[in-house]
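# Summary of the model geometry
As a plain string of letters, each chain reads:
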Amino acid sequence: MVKITLLILTLATFMSASSFEENCLKCHSKDFKFAMMMKKYTQNHSSERKIKEAIFDYLKNPSADKSVLPYEYINRFGVKEKTTLDDATLREMIDIYYKMFNIKERIY
Amino acid sequence: MYKSEKQTIFYVLGLYLSSTLLLIFTLFSSYYLYKLDEREHQEKRVLKDYALVLEEKLLGVHKNSDTRYEYPRFREFQSAIYDIDKNLIFSTLQKMPKNLEQEFFFQGDNVYYIAPLKPYYLGGAYAVIEKKQEPLHIIGDIVIAALLVVLIALVTSFFLVKLVLRPLRSTLHLLDNFIKETTHELNTPITTILTNIETLGSEECDEKSMKKLQRIKTASMTISNLYQDLVYLLLNHQVASQNQTLNLSEIVRQRVHYFLDTANAKKLTLDVTLQDNVLFFADRQKMERLIDNILSNAIKYTNKATTITITLLPSSFVIQDEGNGMSQEEINRIFERYSRFDKTQGGFGIGYSIIKSIVDEYGIRIVIDSEQKKGTKVTLTW
């Protein structure tokens, strides 16, 4: 039973990771500063719930006001396009992103 | 020092001291509360400074780290950060605070300060600063100061009472001196009167003159009795007791005989029951004073043509009259010197004061049962 559970969990992780690659890394290459973005979100929104909400809100309706990037950056590259992902997938991707880069678990 | 004087001193001292204590308590508790408040402000200021230090360090860690974030630690204080939803992010606290609602509070030995943070470095929206509270070492000082003030108040009040009572004391001394001097002058005339009356026989006078002579004798005996009391009071502390085994039955018989004329003048019946050879170890003069005083009081305060019952048993002596009696309050005050309740009778009110001093000296128990309009019963037991 334990083995089966472990197997399912490992599979799920791989699947999630691969879906993250497909849904996010397709556009954001691996050198995209995910950690820096997480720092900005954490600094502005504090808790996990608020951070996830803010990311979700931004990706659904991106605007210069909501962006955590510096003004100069937005001015040069513009605001990103709206996400094409459905809500459930988007939330799943945000969860993976938070899990991979959140600051809370990296404090020692 | 008289009992009433002592009582006044105690009352005044009590009043003075209690008001002083109340004042001291109010002053010192206000001072203590002020000090507590002052410490609170001091602690708050220090904790606020620590919060600023923490915030600065958090900023440094947040900006300069990328993968791992080392939480800042300090020797002077401990800290924790909570996110905006009040979930704990990281803590070095020894004891977790029970709530984050109060900005500043004491919990156990520690004092806590909760500072809001913005921006949320490392996600921290609230910083909790914890440090050991500074002890307040003023209770010992306050107690010493209070004791000192009470001591000063005690000494001051003692002198104050003395000052207030001085006129009263001088009046009492004047009265004592007056009695003393009068007493010395009384001795010779009383002795002369009584000796001469004794020498006059019935053959020398007619019946009418004899009656008058009897009245003079009774009156003189009353004065003589009073004289004896006064001498006892004035010399009481100067003459040592000459204790010996006394035949109380004999003494009581003699004293009853001595008062027979006085009792007859009031048409009193003396119902005397004496057990023979009741022995008691005491000073003869003092025993006579004791019996005389109880007996003369009974005769003096009983109603005319009534019965006085005198009973002597091996370990008790009872005299019961049928006079006006006394109230409980009067009985309680009866042993005070110069206290008299029935102003219709003469006397200085020193009788019971003498009785008290003698019964106390010989460990005799005295019980006074009295009912108003019915009479008084004095019981001595030993």
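A separate point is the pairing of strand β11 (residues 365-371) of chain B. Within a regular beta strand, the side chains point alternately toward one face of the sheet and then the other, so they alternate between its two faces. Residues and elements named next belong to chain B. Strand direction decides the pairing type here: β11 and strand β12 (residues 375-381), joined by seven bridges, are antiparallel. Bridge pairing links Asp369 to Lys377 in β12. Between β11 and β12, which pair antiparallel one after the other, the connecting turn spans three residues, and Lys373 there sits at a positive phi close to 70 degrees.

On to the interface of chain B and chain A, then. Listed per partner, the contact involves 24 residues of chain B and 16 residues of chain A. For the pair chain B and chain A, the summed buried surface comes to about 1,800 Å²; carbon and sulfur atoms form 56% of the total. Close ionic contact of Arg49(A) with Asp85(B) constitutes a salt bridge, the shortest N to O distance being 2.7 Å. Linking chain B with chain A are 14 residue pairs in polar contact (both at pLDDT 80 or more), by the criterion used here. Secondary structure elements with two or more residues in the side of chain B that touches chain A: α1 (3-64) and β2 (88-91) of chain B. Per-class residue counts for the side of chain B that touches chain A are eleven nonpolar, six polar and seven charged.

Residues and elements named next belong to chain B. Position of Tyr301 relative to the elements: it lies in helix α5 (residues 284-301). According to the relative accessible area criterion, Tyr301 is partly exposed, its value standing at 24%. Residues Tyr301 and Arg289 lie twelve residues apart in sequence; the distance between their C-alpha atoms is 18 Å.

This part takes up the domain arrangement of chain B. We note that the domain assignment places domain 1 (3-132) and domain 2 (240-381) within chain B. For domain 1 of chain B and domain 2 of chain B, the distance between their C-alpha centroids amounts to 77 Å.

Right, let's talk about a positive patch on the surface for a bit. The grouping of Lys208(B), Lys211(B), Lys212(B), Arg215(B), Lys267(B) and Lys304(B) at the surface amounts to a positive patch. Note that Arg215(B) resides in helix α3 (residues 207-235).

So, about the packing of helix α2 (residues 34-45) of chain A against helix α5 (residues 87-101) of chain A. Residue and element names in this part refer to chain A. Interhelical geometry of α2 versus α5 gives an angle of 95 degrees and a closest axis separation of 10 Å. One finds that α2 runs roughly perpendicular with respect to α5. Where α2 abuts α5, its residues Phe34, Ala35, Met37 and Met38 lie against Tyr97, Tyr98 and Phe101.

What counts, and at which threshold
- Residues numbered from 1 in each chain as written.
- Chains lettered and ligands numbered in written order.
- Predicted model: local features only at pLDDT ≥ 70, side-chain atom pairs only at ≥ 80, totals over all residues.
- Heavy atoms only, no water.
- Pairing = 2+ DSSP bridges.
- Helix = DSSP H or I, 4+ residues; strand = E, 2+ residues; numbered from the N terminus.
- Contact = heavy atoms within 4.5 Å.
- Buried area = accessible area lost by both parts, 1.4 Å probe.
- Salt bridge = Lys/Arg side-chain N within 4 Å of Asp/Glu carboxyl O.
- Polar contact = N/O pair within 3.5 Å; in protein donor to acceptor, adjacent residues only side chain to side chain.
- Nonpolar A, V, L, I, M, F, W, Y, C, P; charged D, E, K, R; others polar.
- Buried < 20%, exposed > 50% of the residue type's maximum accessible area, 1.4 Å probe, protein only.
- Domains from an automatic or database assignment.
- Patch = residues over 30% accessible without salt bridge, like charges linked within 9 Å, V, L, I, M, F, W, Y side chains within 5 Å.
- Areas by Shrake-Rupley, 256 points an atom, 1.4 Å probe, with all protein chains shown as cover.
- Lys, Arg positive; Asp, Glu negative; His and termini not counted.
- Charge placed at Lys NZ, Arg CZ, Asp CG, Glu CD.
- Axes fitted to C-alpha atoms, helices over the stretch in contact; angles between N-to-C directions.
- Parallel < 35°, antiparallel > 145°, perpendicular 65-115°, else oblique.

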